[in-house]
Amino acid sequence: MLEIHDIKKVFQRGTSSEQQALAGLSLCLQPGEFVTVIGSNGAGKSTLFGAIAGSFFVDRGSIRLDGEDITYQKEYLRAKHIGRLFQDPNTGTAPGLTIEENLALVYSKATRRFSLSLALRPADRRYFKELLARLDMGLENRLKAKVGLLSGGQRQALTLLLSTMVPPKLLLLDEHTAALDPLTAAKVMELTEEIAGQNKITTLMITHNVASALKMGTRTIMMDKGQIVMELEGEERKTMTSQDLLQRYRQIMHKELDNDRMLFSGEEE
Amino acid sequence: MDILGTLQLGFIYAILALGIFITFRVMNTPDLTVDGSFTLGLAVSAVLAMGGHPLLGLGAGFICGMAAGALTGLLQTKARIHPLLAGILTMSGLYSVNLAVMGGSPNLSLLQSATIFTVLRRAFPQIPKDYVLLISIVFLSLLCVTVLAWFFRTGIGLALRATGNNAAMVRASSINSDGMRVLAIALANGFVGLAGAVLTQYQNYADINAGLGVIVVGLASVIIGEVVIRKRSILGGLLAAAMGAVIYRLLIALALYLDFFPAYMLRLVSAVIVAITLAIPQIRELIGEARIRREAQNHAGNS
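Description of the structure in this document.

Parameters and conventions
- Residues numbered from 1 in each chain as written.
- Chains lettered and ligands numbered in written order.
- Predicted model: local features only at pLDDT ≥ 70, side-chain atom pairs only at ≥ 80, totals over all residues.
- Contact = placed C-beta atoms within 7 Å.
- Helix = DSSP H or I, 4+ residues; strand = E, 2+ residues; numbered from the N terminus.
- Nonpolar A, V, L, I, M, F, W, Y, C, P; charged D, E, K, R; others polar.
- Axes fitted to C-alpha atoms, helices over the stretch in contact; angles between N-to-C directions.
- Parallel < 35°, antiparallel > 145°, perpendicular 65-115°, else oblique.
- Left-handed = near helix turned anticlockwise from the far one by under 90°.
- Expected span 1.5 Å × (residues − 1).
- Buried ≥ 20, exposed ≤ 12 C-beta atoms within 10 Å, placed from the backbone.
- Pairing = 2+ DSSP bridges.
- Core = buried A, V, L, I, M, F, W, Y, C linked by C-beta atoms within 7 Å.

Digging into the interface of chain A and chain B
- At the junction of the two partners, chain A supplies 27 residues and chain B supplies 19 residues.
- Counting residues per element, the ones that place at least two in the side of chain A that touches chain B are helix H2 (75-78) and helix H3 (99-111) of chain A.
- When residues of the side of chain A that touches chain B are assigned to their parent elements, the largest contribution, six residues, is made by H3 of chain A.
- Considering only residue class, the side of chain A that touches chain B consists of 14 nonpolar, eight polar and five charged.

Have a look at this one:
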């Protein structure tokens with residue numbers, strides 16, 4: 001479904017803060033696969049998502065989605081097939097519009113010709129109520145409430161609904177529950193699994209929660225310095241505990257630290 | 001005090017206020033193109049009326065206003081120029097364009113020409129002149145409100161409002177948010193141009209400086225309207241802007257009638273009204289902080 005081949009990205013090239021954010025990364029996702037992504041801050045996880053979603057063009061390499069080369073496609077055009085959720089619940093919704101207007105905007109764009117006809121029809125409203133009821137947050141009775149009045153968790157659940165109302169080919173979840181309280185986070189995570197599973201949406205999810213990285217989906221990748229440094233799947237992943245994974249994580253990080261030390265000492269000699 | 005005349009003028013400026021409402025409230029970016037696009041609409045309309053096409057003048061005023069707005073929108077989105085500066089650039093350039101439209105003359109008289117109002121008066125000779133004017137102007141501005149209220153509920157209209165709210169969300173819905181922004185600014189200036197176009201035929205002359213400071217008049221109207229009509233739906237906002245313009249005119253007329261200040265102080269008074277209103281949230285916060293500090297000190301003093 002998603003084929004990323006050897007992508008590279010350097011930010012602020014030629015300045016003192018030059019930074020290789022993606023260093024020849026390749027990744028393939030099968031249709032319907034749910035892959036979790038872990039790695040320390042600055043490992044390039046969000047940059048990878050930015051590259052896939054088209055926030056910027058990569059310097060080298062190619063990105064294909066469902067056979068189509070999207071390497072140089074504009075962000076808003078890619079968005080037709082890619083849903084994306086961020087940590088900040090404010091990014092995915094228009095706070096000044098009502099719940100039903102948010103839903104109507106996305107729904108009318110995706111299902112009808114984008115036009116000068118009314119965006120919200122009575123039949124839509126019934127459908128929206130049904131969808132919202134599935135979130136089990138009482139939003140189905142607040143269609144005319146401004147989204148700005150909702151809690152972070154409600155907003156994130158709504159964003160999830162917006163980006164999957166018409167199932168995308170790829171769903172990118174960038175720590176989408178990190179800003180929520182534990183109970184709400186668990187609830188949104190549950191919804192995520194349910195919605196992605198029901199619609200068999202190919203999903204990539206960044207998380208800092210090692211337990212959910214192992215629990216959700218079928219494969220886990222670890223990133224560091226713009227590359228994938230470890231992949232876990234199958235039996236090995238099933239039997240792995242959070243402790244084991246942290247242990248592995250430390251091992252990999254240490255090895256690199258040691259390499260750095262050797263490099264520095266080599267320079268001194 | 002000429003109430004009918006004030007109402008007529010008020011409802012003409014209501015159309016201007018609708019345009020300002022679109023940029024200032026819907027898109028959340030005040031747009032300074034309006035000083036230029038208002039005069040552009042006015043100049044185009046005057047010249048066409050002089051050529052015997054008053055109705056065409058209104059349409060052309062709207063279209064030309066849109067074109068000016070689209071230019072500002074492109075400067076903002078494609079050239080990434082700061083929205084305020086983009087507006088200033090278009091407005092400044094339009095001064096020359098407007099003079100060119102008016103054939104190099106700083107003012108034109110329409111007293112010898114047919115306007116939509118002379119046509120309407122001739123069509124309804126049994127109704128007193130002032131009422132023909134008022135009814136037609138009120139009809140036109142309410143038509144504008146209705147059209148906009150409908151537009152903002154269509155797919156494109158919704159996308160436009162969402163762009164002013166959260167452009168990233170609009171892009172995530174696979175809609176070109178830059179395109180929406182250009183459309184919004186164009187539409188806003190279309191209404192501003194239309195207001196100019198109506199005004200020139202109403203007062204039977206065109207002046208190159210007619211647009212000076214209309215941005216402040218428009219902002220004042222939107223703000224005054226929001227005090228009166230508190231409903232924050234899109235229709236509520238549009239009605240508030242239109243009513244605000246009428247109330248603004250009435251207040252000004254009243255102040256002049258009672259001789260509160262000479263006519264040349266008008267701009268200053270408008271600017272002060274807008275500045276104070278925009279500062280109110282900040283003033284409230286300062287008062288709140290002062291109260292907290294005072295209460296805390298009292299508390300410390302008591303214990």
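Overview of the packing of helix H2 (residues 34-50) of chain B against helix H4 (residues 83-101) of chain B
Residue and element names in this part refer to chain B.
- Relative to each other, H2 and H4 sit at 15°, their axes nearing to 8 Å. When the axis of H2 is compared with that of H4, the two are roughly parallel. For the crossing formed where H2 meets H4, the hand is left-handed. Two secondary-structure elements touch here, H2 through Asp35, Gly36, Ser37, Thr39, Leu40, Ala43, Val44 and Val47 and H4 through Thr90, Met91, Leu94, Tyr95, Val97, Asn98 and Val101.

Some thoughts on H4 of chain B
Residues and elements named next belong to chain B.
- In this model H4 runs 26 Å from its N-terminal to its C-terminal C-alpha over 19 residues, within 8% of the 27 Å that 1.5 Å per residue would give.
- Considered for burial, the residues of H4 that qualify are Pro83, Ala86, Gly87, Thr90, Met91, Leu94, Asn98 and Val101.
- Where H4 is buried, its residues touch H2 and helix H3 (54-77).
- Just downstream of H4, Gly103 is the residue with a positive phi angle, here 70°.

Side note on the sheet that holds strand E4 (residues 60-65) of chain A
Residues and elements named next belong to chain A.
- Read from one edge of the open sheet, four strands run E2-E1-E4-E5, paired in antiparallel fashion. Across the chains shown, the open sheet's two edge strands, defined by having one partner strand only, are strand E2 (19-29) and strand E5 (68-69).
- Relative to E4, strand E1 (residues 2-11) runs antiparallel, the two being bridged by five bridges. Opposite Glu3, over in E4, you have Arg64 as the bridge partner.

Things to note about the nonpolar core
Residue and element names in this part refer to chain B.
- Judged by nonpolar contacts, the single largest core of 160 residues is most densely connected at Ala17, Leu18 and Ala195.
- For this core, the element with the most residues is helix H9 (residues 177-203), which contributes 15 residues.
- Apart from residues no more than four positions distant in its own chain, Ala195 is found in contact with Ile12, Tyr13, Ile15, Leu16, Gly19, Phe38 and Gly41.

Here we look at the environment of Met230 of chain A
All names here are of chain A.
- Here Met230 shows up in strand E10 (residues 227-233).
- The partly exposed category is assigned to Met230, around which 16 C-beta atoms lie within 10 Å.
- On a C-alpha basis, the gap between Met230 and Gln30 in space is 18 Å, while along the polypeptide they are 200 residues apart.
- What Met230 contacts, discounting residues up to four positions off in sequence, is Ile221, Met222, Arg248 and Ile252.

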